[in-house]
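Overview (structure and organization)
The lines below spell out each chain.
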Amino acid sequence: MNQNDFAAIVPVLMVTLAACTTMVAEAFRPQRDLAAGRWFGTYGLIGLGGAIAASLNQWNQSLVGFGVISVDNFTVFFNITLCAIGILTIILSAGNAERDHLPLGEYYTLILFAIVGMMLMASTTDLLVIFIALEIMSLGVYVLTAIKRSSAEGAEASFKYFVLGAFSSAFFLYGIAMAYAVTGTTRLDEIGMRVASSALDPGILTILSMVLLLVGFAFKVGAVPFHMWTPDAYQGAPALVTGFMSTGVKAAAFAAFIRVFLSALEPLRLDWVPIVTVIAALTMILGTVVGVAQTSVKRMLAYSSIAHAGYLLVGLVAASSAGKAAMLFYLVAYSVTNLGAFGVLAALVTPDRQHDDVRDFAGMSKERPGLAALLTLFLLSLGGFPPTVGFIGKWYIFNAAIQEGLYTLAILGVLTSVVSVFFYLRIVVMMYMSDETAPEHRPAVSAITTAGLLIALAGVLYLGVLPGGLLKIAAESVASIF
């Protein structure tokens, strides 16, 4: 143990300390002192902001902590992205979490501990540590799904998520065990070398290990046919929790996915690419087709999330330098857009009504024109309309697929994107062109929530008009691990 070991984990330590501080503050808070709970988010903002500053200081460095934590530009990129997701979630939670009667100390603590797991997933180079990080993240998200204790729907969704998550974790752990049986190690670099030496005849155990690891990752990103948990979990969880897990969990899972499959298992590319190609195609199709039939906005966005996982898998299959960078760019694009959309949904929730049905948005442009305009722009970005970042993200992904000769996947991606526009615009039509009126008055939006939504909007428009800077950073990040 030396100084470099701790230098490598400074960002993770900062978020961990912020989580512990919030937890201790909650334990000593007088039961009736509700005002103190409003400050808990501040501890998270300080810890996450400090983690971003520490990560920026690690750019272009090469550190290894405790033998399994790798600090490279790829790690720095995801640490900053995940901390930014946490900051935006906390900002959007101000006022909304309290109005939704969430226990604030537990809420912010669980978000921070989940981010710790996500950051470890993105930075570790050992399969066992990936599994431990996966469980740290997952346990936090399971509890967050049911954090609204008065919601029976949330408890049911959390239980389903937990059971299916445990099932997928078993697959992942069996995959690790088989990888160890074949190679004698769980270190990704050593696995890569030993798999490469036997790539021409990998053996049944190696292939089975690859398939089981793929199942574990496919579950976490919500890919077909391992997507069953997604609609129920998204609908049952509070809106901001849904936004957090739809972005943070997906980003962390794809970070580990890239490290394992595009690095350690790259010699088996001819074996796993056909499988992932089929999964990507089915994921795009099912996410789009079933999403059209939804009347619940959360379930619709859940199937939208499934479709977006399919687009990211297209980038994984393409796997050129452009495709790898496009995946990182797309994760940022999707995160800022989806958090903005769920931030608007959370701002409309009242204790008695979740504001989740499409008809609940009727006439919103007259009563809340600002929120209606923001939600419209976020939905257009999800649909891939220029000049939003959603359009640029899809352009880079499909262009990478075409460069690699994956014309079928690219065409399928474009077609499903066009179809998905229908269910995004259905909400816009309801807000601006429906003569119906909402069943009850919509709540006022706090200044902090408005600021968070405007930050998300700025990201959507800025990266849509000037994407070159982020794409260059993404390319430099992904190049550091290949």
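Refer to the preceding data block for the structure.
I will try to describe carefully the structure that is included in this document. Source: prediction; values computed, not measured. Each chain has its residues counted from 1, running along the sequence as written. Predicted model: local features are reported for residues with pLDDT of at least 70 only, side-chain atom pairs are reported and counted for 80 or more only, and whole-chain, interface and lining totals are derived from all residues. Neither water nor hydrogens contribute to the side-chain values; these are computed over all heavy atoms in the structure.

The geometry of a pair of packed helices is captured by two quantities: the angle between their axes and the separation between those axes. Fitted lines through C-alpha atoms give the axes, limited to the stretch in contact for helices. The angle between two N-to-C directions lies from 0 to 180 degrees. In this text, helices come from DSSP runs of H or I with a minimum length of four residues, and strands from runs of E with a minimum of two, each type numbered from the N-terminal end. Following both chains from N to C, one finds helix α4 (residues 40-57) and helix α7 (residues 104-123) inclined at 15 degrees, their axes separated by 9 Å at the closest point. When the interaxial angle is binned, α4 and α7 end up roughly parallel. Considering only the axes of α4 and α7, their crossing is right-handed. Of α7, the residues touching α4 (which contributes F40, G41, G44 and L48) are L104, G105, Y108, L112 and I115. Three classes are used, and their members are as follows: Ala, Val, Leu, Ile, Met, Phe, Trp, Tyr, Cys and Pro are nonpolar, Asp, Glu, Lys and Arg are charged, and the others, Gly among them, are polar. Of the residues in the contact of α4 with α7, the class split is six nonpolar, three polar and no charged. Working definition: roughly parallel below 35 degrees, roughly antiparallel above 145 degrees, roughly perpendicular at 65 to 115 degrees, and oblique for all remaining angles. Crossings are sorted by hand: turned counterclockwise from the far helix by less than a right angle, the near helix makes the crossing left-handed, and turned clockwise it makes it right-handed. Whether two residues touch is decided by their heavy atoms; if any such pair falls within 4.5 Å, the residues are in contact.

On to the layout of surface pockets, then. Lining residues are defined by having an atom within 4 Å of a point belonging to a cavity or pocket. Those points lie on a 1 Å grid over the protein atoms alone, cavities being sets where a 1.4 Å probe fits but cannot get out and pockets being open sets with protein on both sides within 12 Å along at least five of seven lines. Grid points are joined across faces, edges and corners, and a volume is the space filled by probe spheres set on the points. Looking at the largest pocket, its volume works out to about 550 Å³. Lining the largest pocket are 23 residues, with I80, T81, A84, V332 and L470 positioned closest to its centre. Breaking the lining of the largest pocket down by element, the ones donating at least two residues are α5 (73-93), α16 (321-348), α21 (447-465) and α22 (468-479). The greatest single-element share of the lining of the largest pocket, amounting to nine residues, is contributed by α5. Computed from the structure, the second largest pocket encloses a volume of approximately 240 Å³. Lining the second largest pocket are G383, G384, F391, K394, W395, F398, N399, I402, V414, S417, V418 and V421.

A word on the side chain of H308. Mapping H308 onto the fold places it in helix α15 (residues 297-318). Only 3.5 Å separates the side chain of H308 from the side chain of Y424, close enough to count as a polar contact. Not counting chain neighbours up to four residues away, the residues in contact with H308 comprise Y330, Y334, L382, K394 and Y424. Counting of polar contacts relies on pairs of N or O atoms within 3.5 Å, with two restrictions inside protein: one atom must be capable of donating a hydrogen and the other of accepting it, and residues adjacent in sequence are counted only when both atoms are side-chain atoms.

Summarising the element assignment, A7 is placed in helix α1 (residues 3-8). The cut-offs for exposure are 20% and 50% of the maximum accessible area for each residue type, with area from a 1.4 Å probe on protein chains only; residues under the lower value are buried, those over the upper are exposed, and the others partly exposed. Look at A7 and you get partly exposed, because its relative accessible area is 27%. The spacing of A7 and L282 is 275 residues in sequence and 43 Å in space, taken between C-alpha atoms. When neighbours within four sequence positions are excluded, A7 is seen to be in contact with Q58 and L63.

Moving on to the nonpolar core. Put simply, buried Ala, Val, Leu, Ile, Met, Phe, Trp, Tyr and Cys residues joined by side-chain atoms within 4.5 Å make one nonpolar core. Counting 164 residues, the largest nonpolar core has Y107, F261, W272 and F361 as the members making the most contacts within it. Ranked by the residues each element gives to this core, the list is headed by α16, at 19 residues. Among residues more than four places away in sequence, those in contact with F261 are M210, L213, L214, F217, E266 and W272.

Further remarks concern the pattern of salt bridges. Here a salt bridge means any side-chain nitrogen of Lys or Arg lying within 4 Å of a carboxyl oxygen belonging to Asp or Glu. Enumeration according to the criterion identifies seven salt bridges in this entry. Notably, a salt bridge pairs R149 with E106, separated by 2.4 Å at the nearest N-O pair. Here R149 is found in the loop between α8 (127-145) and α9 (152-183), whereas its partner E106 is found in helix α7, with 43 residues between them in sequence. D232 is the salt-bridge partner of K160, the closest N and O atoms lying 3.2 Å from each other. In this pair, K160 is assigned in helix α9 and D232 in helix α12 (residues 229-236), connecting sequence segments 72 residues apart. Overall, the relative accessible area of 25% leaves D232 in the partly exposed class.

This part covers empty space enclosed by the protein. Overall, the coordinates contain five cavities of 30 Å³ or more when judged by the stated rule. Approximately 90 Å³ is the volume attributed to the largest cavity. S93, N96, A97, R99, D100, L102, Y107, P238, A239, L240, A346 and V349 together form the lining of the largest cavity. With three residues, helix α6 (residues 96-99) is the largest single contributor of residues to the lining of the largest cavity.

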